[in-house]
Amino acid sequence: KLIFFLPLQFRWYEEMEIKSKVTYTRLRVAEAYLWSIGAYFEPQYSQARVKTAVALIIFTMLDDTYDAYGTMEELEIFSDAIEKYSICKTKIKIQ
């Protein structure tokens, strides 16, 4: 089970059974939440803490997927897609 002191917003991690479905990833829920507390420690930033921690969890899973399963060709294609998405989002914000 997840560490009992984590907020209810992180129950999605348990409910989606990520640990059993994506066994090669590191379990970093508590660490991600503690990092977000360090960045947003004031009480009014509780939603920012949750969103930052969720992003860190997803980035960690993505990084572990790169390390564990990607061939060089697949990773280049995937990296290009992420770069194009990033450029597209930047252009939309500028306009």
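Please read all numbers here as calculations on a predicted model, not as lab measurements. (Residues numbered from 1 in each chain as written. Predicted model: local features only at pLDDT ≥ 70, side-chain atom pairs only at ≥ 80, totals over all residues. Heavy atoms only, no water.)

Side note on the environment of Tyr 66
Working step 1: Relative to the helices and strands, Tyr 66 is located in helix 4 (residues 46–69).
Working step 2: Look at Tyr 66 and you get partly exposed, because its relative accessible area is 22%.
Working step 3: Discounting residues that sit within four places of it in the chain, Tyr 66 has contacts with Leu 75, Phe 78, Ser 79 and Ile 82. (Helix = DSSP H or I, 4+ residues; strand = E, 2+ residues; numbered from the N terminus. Buried < 20%, exposed > 50% of the residue type's maximum accessible area, 1.4 Å probe, protein only. Contact = heavy atoms within 4.5 Å.)

Some details on a negative patch on the surface
Working step 1: There is a patch of like negative charges on the surface, built from Glu 73, Glu 74, Glu 76, Asp 80 and Glu 83.
Working step 2: Relative to the elements of secondary structure, Glu 74 occurs in helix 5 (residues 72–94). (Patch = residues over 30% accessible without salt bridge, like charges linked within 9 Å, V, L, I, M, F, W, Y side chains within 5 Å. Areas by Shrake-Rupley, 256 points an atom, 1.4 Å probe, with all protein chains shown as cover. Salt bridge = Lys/Arg side-chain N within 4 Å of Asp/Glu carboxyl O. Lys, Arg positive; Asp, Glu negative; His and termini not counted. Charge placed at Lys NZ, Arg CZ, Asp CG, Glu CD.)

Keep in mind these values describe shape, not function.
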